[in-house]
Amino acid sequence: MRFEPRRNKTVSPRTRRLRVAGGALCAAALAATLVTGCGQDSGDKTAAETSEAAKVLPKQTTSPSESVSGSPSESAQLSEDQTERKDLLSTVKITFDQAATTAVGEVSGGKLTDLDLEGIDDEDDASGSPSPSGSASPSGSPSPSGSPSPSGSAAAPKWVAEVAEEDGTAHNVTIDAVSGEVIDSAPDADQSDADKEELADQLSKATQTPQQAAEVATDEKQGWVTSIGLDENDSKVLVWQVDVVSKDWKLTTFDVDAAKGTITDEQVHDD
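I will try to describe carefully the structure that is included in this document. (Residues numbered from 1 in each chain as written. Predicted model: local features only at pLDDT ≥ 70, side-chain atom pairs only at ≥ 80, totals over all residues. Heavy atoms only, no water.)

A look at the overall build of the protein chain
Consideration 1: Helices and strands together make up the secondary structure of the protein chain, namely 8 helices and 8 strands.
Consideration 2: For the protein chain, buried positions account for 51% of its 271 residues.
Consideration 3: For the protein chain, long-range pairs separated by at least 24 residues make up 68% of all intrachain contacts whose partners lie at least 6 apart in sequence. (Helix = DSSP H or I, 4+ residues; strand = E, 2+ residues; numbered from the N terminus. Buried < 20%, exposed > 50% of the residue type's maximum accessible area, 1.4 Å probe, protein only. Contact = heavy atoms within 4.5 Å.)

Let's talk about the packing of aromatic side chains
Consideration 1: The final tally for this structure, using the stated rule, is 2 aromatic pairs.
Consideration 2: With centroids separated by 5.1 Å and ring planes inclined at 85°, the aromatic side chains of Phe-96 and Trp-159 adopt a geometry described as edge-to-face. Linking Phe-96 in helix α6 (residues 96-104) with Trp-159 in strand β2 (residues 158-164), this pair joins segments that are 63 residues apart in sequence. Just as Phe-96 is buried, Trp-159 falls in that class too.
Consideration 3: Taking the centre distance of 5.2 Å and the plane angle of 15° together, the rings of Trp-224 and Trp-249 count as stacked. (Phe/Tyr/Trp six-rings, centres within 6.5 Å; stacked < 30°, edge-to-face > 60°.)

A word on the environment of Asp-231
Consideration 1: Structurally, Asp-231 can be placed in strand β5 (residues 224-232).
Consideration 2: The spacing of Asp-231 and Thr-113 is 118 residues in sequence and 9.7 Å in space, taken between C-alpha atoms.

Regarding the pattern of salt bridges
Consideration 1: Scanning the entire structure with this criterion turns up 1 salt bridge.
Consideration 2: The partner of Asp-201 in a salt bridge is Lys-205, and the shortest N-O contact between them spans 3.1 Å. Highlighted residues: Asp-201 and Lys-205, both in helix α7 (residues 193-205), separated by 4 residues, approximately one helical turn. (Salt bridge = Lys/Arg side-chain N within 4 Å of Asp/Glu carboxyl O.)

Regarding the sheet that holds strand β7 (residues 251-257)
Consideration 1: In space, the 8 strands of this open sheet follow the order β4-β3-β2-β1-β5-β6-β7-β8, with antiparallel pairing throughout. Bordering the open sheet on either side are β4 (182-187) and β8 (263-268), each of which pairs with just one other strand. Here the strands of the sheet are splayed against their neighbours by 20° on average, with no regard to which way each runs.
Consideration 2: Pairing analysis gives 7 bridges linking strand β6 (residues 238-245) to β7, with the strands arranged antiparallel. Pairing of Val-244 across the sheet is with Thr-252, part of β7.
Consideration 3: Set on the sheet, helix α8 (residues 210-220) makes contact with β1 (111-117), β5, β6, β7 and β8; between it and β6 the angle comes to about 50°. (Pairing = 2+ DSSP bridges. Axes fitted to C-alpha atoms, helices over the stretch in contact; angles between N-to-C directions.)

Notes on the pairing of β6
Consideration 1: Among the 8 residues that make up β6, 8 are buried, leaving the element largely enclosed by the rest of the structure.
Consideration 2: Here β6 shows two buried faces, one formed by Leu-238, Trp-240, Val-242 and Val-244 and the other by Val-239, Gln-241, Asp-243 and Val-245.
Consideration 3: Note: β5 against β6, 8 bridges, orientation antiparallel. By the bridge assignment for β6, Ser-227 is matched with Asp-243.
Consideration 4: Counting the residues that bridge the hairpin from β6 to β7 gives 5 residues, and of these Trp-249 lies at a positive phi of roughly 70°.

Honestly, that's just the spatial picture; any functional story needs more than this.
Below you can see the structure in the form of structure tokens.
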């Protein structure tokens, strides 16, 4: 049976998952501009694993905002959801893989278990997608600093991540999707010991990396990965659930078996 995709992205990754206490990771972009993988640890180890992950996925050379285009007539044919995706992605400077690398760098020995671009198909977002900003923002490499950035704008798009330590302790990290600066980084205060055990167990069973799952999904449908998370479907199969926004601004959700690396379900959202 098909389970409902994770749609509530306005709360912490821990709150969003109703069935499990774990969540997921990184990367992929459009056509010939797919993403690099992200590191798994901080310091030298992070750099080494980031280099290794780059062998799995090609290097992305542009951010979504640099690739967004379309004539007024094309925009007039888009649905409300498609228009919101296009408008939001037109403001994003920090790619999925860059955000993932930054998030992992906040937690020593951590693994990224969930990463979402806030504002993409958020059902419970009363204010809708973050409004596009016309102001210029720095577009340099993501900051490895663990301190919250005072320059984070409430109107700017944000990446919301969950990074887990080896024992399953989860940390929530919010990253400005325009500047790449860390807005907030803190342990998940609502996580119980049972939650930690379950998350650690899920990560040990997920032999397919998030990078590999993202590559499987974008091989099937080229586009921007806007969300990836570790979850169980109704059949209790552990999957990486990957959201891909394609060039026509439609959203497709893929379930990729976290042990086998095969697509178990594909859903194109009607909008």
